[in-house]
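Breakdown of the fold
Each chain is listed here by its residues.
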Amino acid sequence: MKQIKNDKQAGFTLLELLVVLGIIAMLAGIVGPQVMKHMGESKTKAAKVQIEDLSATLDMYKLDVGSYPTTEQGLQALIEAPDNAKHWNGPYLSKAKIPLDPWQNEYHYVSPGEHGKFDISSLGADAKEGGTGEDQDIVSWE
């Protein structure tokens, strides 16, 4: 039997690979910042939802105990009964731990609050007061 010799080899040339890599790099440069922007927005929305959930949970606590936890008792009162809470019917959270904000910082709780019966806030991505975008403060009173 005679073997047929094929001089053409299948595959891509270096130039073709470089063109494809260039196109991928351009797409990543365009799409990447947009994805990061939306990730920051989603963390801000998640913090707002968590603050609303904590507010609702604090309302349930008040229905049972008769008052909101003090600043000293903090959000921990939703998990462990404070010493003077006679009708505590908790834990009020499904997990045995107070949730952290999306940037892995603790929520700030003050009761009585400056803006209502209690204030809950997150300082955002920069963990500093003020800011815009992902660095903005997320609060329970707005």
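Scoring rules and cut-offs
- Residues numbered from 1 in each chain as written.
- Predicted model: local features only at pLDDT ≥ 70, side-chain atom pairs only at ≥ 80, totals over all residues.
- Heavy atoms only, no water.
- Helix = DSSP H or I, 4+ residues; strand = E, 2+ residues; numbered from the N terminus.
- Rg over C-alpha atoms; globule rule 2.2 N^0.38 Å.
- Buried < 20%, exposed > 50% of the residue type's maximum accessible area, 1.4 Å probe, protein only.
- Contact = heavy atoms within 4.5 Å.
- Areas by Shrake-Rupley, 256 points an atom, 1.4 Å probe, with all protein chains shown as cover.
- Lys, Arg positive; Asp, Glu negative; His and termini not counted.
- Charge placed at Lys NZ, Arg CZ, Asp CG, Glu CD.
- Pairing = 2+ DSSP bridges.
- Phe/Tyr/Trp six-rings, centres within 6.5 Å; stacked < 30°, edge-to-face > 60°.

Let's shift gears to the overall build of the protein. Helices and strands together make up the secondary structure of the protein, namely one helix and three strands. Counting from the amino terminus, the protein carries its helices and strands in the arrangement α-β-β-β. Expected size for 142 residues packed as a compact globule is a radius of gyration near 14 Å; at 27 Å, the protein overshoots this value by more than 25%. Principal-axis analysis of the C-alpha atoms places the extent of the protein at approximately 95 × 40 × 20 Å. Put simply, the protein has 142 residues, and 26% of those count as buried. Partitioning the intrachain contacts of the protein with sequence separation of at least 6 by distance along the chain shows that 41% fall at a separation of at least 24. For the protein, the computed accessible surface area is about 10,600 Å², with 57% contributed by carbon and sulfur atoms. Between the averaged position of the 13 positive side-chain charges in the protein and that of its 20 negative side-chain charges there is a distance of 14 Å.

Here we come to the pairing of strand E2 (residues 119-122). What you see with E2 is no split at all: Asp119 and Ser121 on one side and Ile120 and Ser122 on the other are buried throughout. Where strand E1 (residues 108-110) and E2 come together, three bridges link them in antiparallel fashion. In the strand pairing of E2, Val110 is matched with Asp119. Two elements, E2 and strand E3 (residues 138-139), share two bridges in a ladder whose sense is antiparallel. Considered in E3, the bridge of Ser121 is made with Val139.

What follows concerns the environment of Trp88. Along the chain, Trp88 falls in the loop between helix H1 (14-65) and E1. When the C-alpha positions of Trp88 and Lys62 are compared, they lie 9.2 Å apart, and in sequence the two are 26 residues distant. Setting aside chain neighbours within four positions, we find Trp88 in contact with Tyr61, Val65, Ala77, Leu78, Ile79, Glu80, Ala81 and Pro82.

This part is about the sheet that holds E1. Pairing in this open sheet of three strands is antiparallel, and the strands run E1-E2-E3 from one edge to the other. The outermost strands of the open sheet, each flanked by one partner alone, are E1 and E3.

Taken as a whole, this structure holds four aromatic pairs when the rule is applied. Judged by centre distance (5.6 Å) and plane angle (65°), the ring pair of Tyr61 and Tyr92 falls under edge-to-face. Here Tyr61, found in helix H1, pairs with Tyr92, found in the loop between H1 and E1; they are 31 residues apart in sequence, far enough to count as distant. We note that Tyr61, like Tyr92, is buried.

Within the element layout of this structure, Gly90 appears in the loop between H1 and E1. In sequence terms Gly90 and Ile79 are 11 residues apart; their C-alpha atoms lie 6.5 Å from each other.

Remember that the coordinates give geometry; whether it matters functionally is a separate question.
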